[in-house]
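Spelled out, the chains give:
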Amino acid sequence: MTLPALELETAPNPSHSVIWLHGLGADGNDFAPIVPQLVDRAWPALRFVFPHAPVRPVTINNGMSMRAWYDIAAFDLNARQDEAGMRASVAEVETLIAREHQRGVPSERIVLAGFSQGGAIALAAGLHHAQKLAGIIALSTYLPTYATHASERSAANATIPIFWGHGSIDPVVILQRGVDSRDVLQSLGYTVQWHTYLMAHAVCPEEIGDLRHWLGQQLA
């Protein structure tokens, strides 16, 4: 079963796809409004896929059930990560990628994107995917610990372009956590285009502009 998703196509018969994962407690509708601001008319036809995460209890929110890609025990940097939940969501992303293949979009024309918790899954799935992808967009997020292990990383995506945007006053995923993740990726040989913005746990127009420029390069 493929996760339910909102889909937007910028023109008929899309040749490229962007699979975009929302943050904790949101859903696939959260980032749909930025598509008109982001897309350049000169680009090839794109399909944006905004899946809705499964509903599950989240420890940090007193066990309340909400849409989440995995459980979060604490915002402490050293807290145990829900590796099983992360792996299950990466498998969901693999299913979404496979559906794009069935619709005629090969891996090398697929970008994985995500905000916060969704960004962590986009990173883990992108580094792991067995075939070359077009890129990863990581917004206000961090790299799951398990995803850095050599056995988890695919040689096909050793040179995958990564766009990372982070707020300098983010109280949820603090800037240092993003910086540390970037440094780990760079130490492993990945190319990260890093941007910080004067904002909290959010997205801003300047970031969308930088992302448009980067995405245009990947689609060229």
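Predicted, not measured: the structure shown is a model, and the values here were computed from it.

Enquirer: Is there a simple way to think about the overall build of the protein chain in this case?
Expert: The helix and strand tally for the protein chain stands at 5 helices and 9 strands. In the protein chain, the succession of α and β elements from N to C terminus is β-β-α-β-β-β-α-β-α-β-β-α-β-α. Scaling as 2.2 N^0.38, a compact globule of 220 residues should have a C-alpha radius of gyration of about 17 Å, and the protein chain matches this with 16 Å. Dimensions of the protein chain along its principal axes, counting C-alpha atoms only, are 45 × 35 × 35 Å. Taken across its 220 residues, the protein chain has 50% of its residues classed as buried. Considering only residue pairs separated by 6 or more positions, the protein chain has 72% of its internal contacts joining residues 24 or more positions apart. When the accessible area of the protein chain is evaluated, it comes to approximately 9400 Å², of which 53% is carbon and sulfur surface.

Enquirer: So what exactly am I meant to see when it comes to the sheet that holds strand 9 (residues 191-197) here?
Expert: Backbone hydrogen bonds are what pair the strands of a sheet, in a parallel or an antiparallel way. On the basis of which strands lie adjacent, the open sheet formed by 7 strands has the order 1-3-2-6-7-8-9 and mixed pairing. Where the open sheet ends on each side, the last strands, each with one partner, are strand 1 (5-9) and strand 9. When strand polarity is set aside, the average angle formed by the axes of neighbouring strands in this sheet is 15 degrees. When strand 6 (residues 110-115) meets strand 7 (residues 135-139), the two strands line up parallel, connected through 5 bridges. Bridge pairing in strand 7 places A113 opposite I137. Against the sheet, helix 5 (residues 205-219) makes contact with strand 2 (16-21), strand 3 (46-51), strand 6, strand 7, strand 8 (161-167) and strand 9, and its axis sits at roughly 180 degrees relative to strand 8, the strand it touches most.

Rules used in this analysis
- Residues numbered from 1 in each chain as written.
- Predicted model: local features only at pLDDT ≥ 70, side-chain atom pairs only at ≥ 80, totals over all residues.
- Heavy atoms only, no water.
- Helix = DSSP H or I, 4+ residues; strand = E, 2+ residues; numbered from the N terminus.
- Rg over C-alpha atoms; globule rule 2.2 N^0.38 Å.
- Buried < 20%, exposed > 50% of the residue type's maximum accessible area, 1.4 Å probe, protein only.
- Contact = heavy atoms within 4.5 Å.
- Areas by Shrake-Rupley, 256 points an atom, 1.4 Å probe, with all protein chains shown as cover.
- Pairing = 2+ DSSP bridges.
- Axes fitted to C-alpha atoms, helices over the stretch in contact; angles between N-to-C directions.

What is shown is where atoms sit, not what they do.
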